[in-house]
Structure formats: C-alpha cells, structure tokens
Amino acid sequence: MYVPEDRLTNDDLSKMVDTNDEWIMSHMGIKERRILKDKDKASAFLGAQAIKNLLEKTGTNPDEIDLVICATVAPDYFFPATGPQICEQAGLTNAYAFDVHAACSGFIYALTTASKFIKAGTEKKVIVVGAEKMSSIVDYTDRTTCPIFGDGAAAVLLEATEENVGVMDYILRSDAVGVKHLRMKAGGSLRPASVETVQNHEHFIYQEGQPVFKYAVTRMADVSAEIMERNGLKADDVAYLVPHQANLRIIDATARRMELDPSKVMINIQKYGNTTAATIPLCLCEWEKQLKKGDNLILAAFGAGFTWGSVWLKWGYDSK
Ligand code: UT7
C-alpha cells in the first residue's frame, strides 16, 4: 500500500467549511484522510508506489508481471488509461494494462476480472491496483462531500495455484438508477467541459448522501448475506468481512446482517476516509499479518453507478 504523508484532519476541514469533528465522526466515522499535495503527481504515482512496495515485499521481479488492472475513479487523464502509466512508473516492462471504471466497487470488479485471466491460464502473474487521488475531484467548498474522501493506493498480486484458494465465488451488480444521485456532472461526452461547467463546480463529485446511503446499506448487506447463504457459510466460518470504507454506519449494518462479531470486520476508515477503489486492498494490507491460509474473507462494496457486489475469497498463504 501507499498513502501520502500529508494528513487532512477534521479540525483542518472545520476551518475550510462549516463542519466539526463531532459531526463528521458521528455521521461518517472519519478522523483524518491523506492528501497528495504535489500538483505534479496523481493517481498513477500513488498506484506505482503501492506496486513498488508490493514487488519488494514479495520478492517479485517486475519483468514477471503479465498484466496490471487499475481501478480508479480519478484517472490521471480522461484518456489514456492510468494503468499503462502505473506500469511505466513502477518499471513493469513486460506488463500490459487497462483500467476498470466501477467507482467504489472498482477493486472487486477488477479482482474478479483478474481471477478470470489467472484461471484461464493465459496470464501467470496479475496485479490489481486501486489508485485514487480523490482530492483532485473533491469540492472543498462542499461540506457534504469534502470530509468523506482521501487519497491512497493499494495493490494485490494474483498467481496461479492448484490449491483450493483464491476467488471462490462472487456476486456483482449494477443499476443506473444511481446516476442521478452520485456522479461528476460534467466533463464527459454528455456534458463536455465549458466555462459554465467550471463556474458551476460540475467537475467535482456530486452526491445526494441520503438516497445513496439507503441504497448502500441494503444492497451491500444483501449481497454479503447472499454470498454466504449460497455457499453454506455461517458467521463462524468467516474470518473477516473486508468492506468498502464509505461510512462506518454502512459497514456496521452489513456486519450485523452477516451476524458477524465486530472483531471480524476490517475498519480503517477513521485514518484514510473513503479512498474509493483503494479501500479494500488498504484493509487487506493492514490486516495481512493476521490472515492465515484458507481463511474465508467476504469482500463487499457499493459505489457510483450504482455498482456493488461481494466476493468470497479464500486467503492463499500464511503471512510472515
Ligand atoms: O462510496 C460511495 C458511496 N457513498 C456512500 O456510501 C455515502 C452514503 N451516504 C452517507 O454516508 C451519508 O449520507 C453522509 C455521511 C454523506 C451524510 O450523512 P447523513 O446522515 O445522510 O446527513 P444528511 O446529508 O442527511 O445531512 C444532515 C444535516 C443537514 O442539515 P439539515 O438539512 O438537517 O439542516 C446537512 O446540511 O447535516 C448537515 N451536514 C453537515 N453538518 C456539519 C451535511 N454535511 C455536514 C458537515 N458538517 N460536513
């Protein structure tokens, strides 16, 4: 994983907009987030740093990586994709790369895609990276969205194995009912950039918090319960829930629905806020030492689109 050093605290935000630590903690569960302040660096930089750390930690030669799938909602450019720049910056000379555009569900969409390449046997080593300079698309005059998001990146390495581990099952869903509640209003082919769109702050995240919250709570919990049910998994069989970190209340509702003890829920939202496609791999990285081979993990996410889903993952190794 890689997060920038600069921290934006709730007290900092209370000097920028009409908010306070108590409101943000009670409504979102976020204490601080990391911000990439360097104007010359963006999501590709964050992703490349995470991958360099991953290669070093796993002793992997950069030349061995066949494919990088980058999940991001804050690409360096509208086009080309961010993945190829990540490869270049991380020194992955043999890999090809593309981006997956599924917002906060980006990591689980990319992970399930990557597992298909591995299962097909066509690519031997695939990296999935969530890389997000969210601060580039946050409106720091909008108190309803600016406390939520933070910058960061994290990456995982998938390899082929004969053992019964890895992505065991998944449920992915999407529904464009979400467009009206959560989007960047302008900058796409429907509403290209203009003086007016810039003046109206339409190149930032627009979110109607309450409807998104209602959809998120039910849908993330539904698919998490469904994947357990259809695979005969009981709460005792699950080592950890690895939820997208959008709001502590959404995470708690999902865990309750799965009847999971709070000790089995990975939560680091208080430190990083919502880093969109990076939240789930950031959790995996921070909990890695506690994971054992064969542990059943349920990954769950909900985000813009709407997109949402859950993944049943059997952890592949004992951490050193
Ligand atoms: O990851 C992608 C998916 N996104 C999500 O899952 C986010 C889902 N939504 C949420 O998590 C919540 O809706 C929020 C955390 C964004 C907002 O919490 P809420 O409990 O839904 O608050 P609200 O939007 O209903 O606002 C309640 C009040 C309003 O004031 P009035 O109208 O009651 O007078 C807001 O203006 O709180 C006010 N408010 C704030 N007050 C202090 C909104 N933002 C702030 C703020 N500080 N930062």
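The following refers to the structure shown.

Calculation criteria
- Position labels on residues start from 1 in each chain and follow its written sequence.
- In keeping with the predicted nature of the model, local features appear solely for residues at pLDDT of at least 70, side-chain atom pairs appear and are counted solely at 80 or more, and the whole-chain, interface and lining totals rest on all residues.
- As a rule here, side-chain values come from all non-hydrogen atoms in the structure, and water together with hydrogens is ignored.
- The near set for a molecule or strand comprises every residue that places at least one heavy atom within 4 Å of it.
- As used in this structure description, the phrase polar contact means that two N or O atoms lie within 3.5 Å; if the pair is within protein, one of them must be able to donate a hydrogen and the other to accept it, and residues adjacent in sequence are counted only when both atoms belong to side chains.
- Every helix listed is a DSSP run of H or I at least four residues long, and every strand listed is a run of E at least two residues long, numbered separately from the N terminus.
- Here, axes are lines fitted to C-alpha atoms. For helices the fit covers the stretch in contact, and angles between N-to-C directions go from 0 to 180 degrees.
- Oblique is the label for any angle not under 35 degrees, not over 145, and not in the 65 to 115 range, which are roughly parallel, roughly antiparallel and roughly perpendicular in turn.
- Note on convention: the crossing is left-handed when the near helix lies turned anticlockwise from the far helix by less than a right angle, right-handed when the turn is clockwise.
- Only heavy atoms matter for contacts: two residues are in contact if any of them lie within 4.5 Å across the pair.
- When residues are grouped by polarity, Ala, Val, Leu, Ile, Met, Phe, Trp, Tyr, Cys and Pro land in nonpolar, Asp, Glu, Lys and Arg in charged, and all others, Gly among them, in polar.
- Should DSSP find at least two bridges between two strands, the strands are regarded as paired.
- When the strands point away from the viewer, a crossover counts as right-handed if the route from the first strand across the helix to the second turns clockwise.
- When two rings of Phe, Tyr or Trp (its six-membered ring) have centres within 6.5 Å they constitute a pair, described as stacked for plane angles under 30 degrees, edge-to-face for angles over 60, and tilted for the intermediate range.
- Accessible area is worked out with a 1.4 Å probe on protein chains only. A residue is then buried under 20% of its type maximum, exposed over 50%, and partly exposed in between.
- For a ring to carry a charge above it, either NZ of a lysine or CZ of an arginine must fall within 6 Å of the ring centroid while also lying within 35 degrees of the normal to the ring plane.

### Structural notes on the site of the ligand
- Lining the immediate environment of the ligand, one finds 22 residues, of which Thr19, Arg143, Gln210, Asn247 and Asn274 sit closest.
- Between the ligand and Trp23, the relevant distance is 3.4 Å, taken from an oxygen atom to a side-chain nitrogen or oxygen of the residue.
- In the model, an oxygen atom of the ligand is placed 2.7 Å from a nitrogen or oxygen of the Asn247 side chain.
- Listed by contribution, the elements that provide at least two residues to the shell around the ligand are α2 (21-27), α7 (209-230) and α8 (248-257).
- With four residues, α7 is the largest single contributor of residues to the shell around the ligand.

### Observations concerning the packing of α7 against α8
- Running from amino to carboxyl end, α7 crosses α8 at an angle of 30°, the nearest separation of the two axes being 9 Å. It follows from the interaxial angle that α7 and α8 lie roughly parallel. The chirality of how α7 crosses α8 is right-handed. In contact with Phe213, Ala216, Val217, Thr218, Met220, Ala221, Asp222, Ser224 and Ala225 of α7, α8 contributes Arg249, Ile250, Ala253, Thr254 and Arg257.
- Of the residues contributing to the contact of α7 with α8, the split by class is eight nonpolar, three polar and three charged.

### Observations regarding unusual backbone geometry
- In this chain, Phe79 is followed by Pro80 through a cis amide linkage whose omega measures 0°.
- Tracing the sequence through the fold places Pro80 in the loop between β3 (67-71) and α4 (83-90).
- Here the bond from Gly305 into Phe306 is cis, since omega is -5°, no more than 30 degrees from zero.
- Here Phe306 lies in the loop between β11 (296-303) and β12 (307-314).

### As for the pairing of strand β4 (residues 96-100)
- One ladder, built from five bridges, connects β3 with β4; its direction is parallel. Bridged to Val68 within β4 is Ala97.
- Each parallel crossover has a hand, and the one from β3 via α4 to β4 is right-handed.

### A few points about the environment of Ala48
- For Ala48, the position within the fold is in helix α3 (residues 43-58).
- For the pair Ala48 and Val129, spaced 81 residues apart in sequence, the C-alpha separation works out to 8.8 Å.

### Considering the packing of aromatic side chains
- Applying the stated criterion across every chain, the model contains six aromatic pairs.
- With centroids separated by 6.3 Å and ring planes inclined at 50°, the aromatic side chains of Phe98 and Phe117 adopt a geometry described as tilted. Here Phe117 lies in helix α5 (residues 106-120) and Phe98 lies in strand β4, a separation of 19 residues in the sequence.
- You can call Phe98 partly exposed: its relative accessible area is 26%.
- Seen from their ring centres, Trp315 and Tyr317 are 5.1 Å apart, and the 40° between their planes marks the pair as tilted.
- According to the relative accessible area criterion, Tyr317 is partly exposed, its value standing at 38%.
- One aromatic cluster in this structure is built from Tyr215, Phe302, Phe306 and Trp308.
- Here the basic side chain of Lys41 rests over the ring of Phe45, its NZ or CZ set 4.9 Å away from the ring centre.

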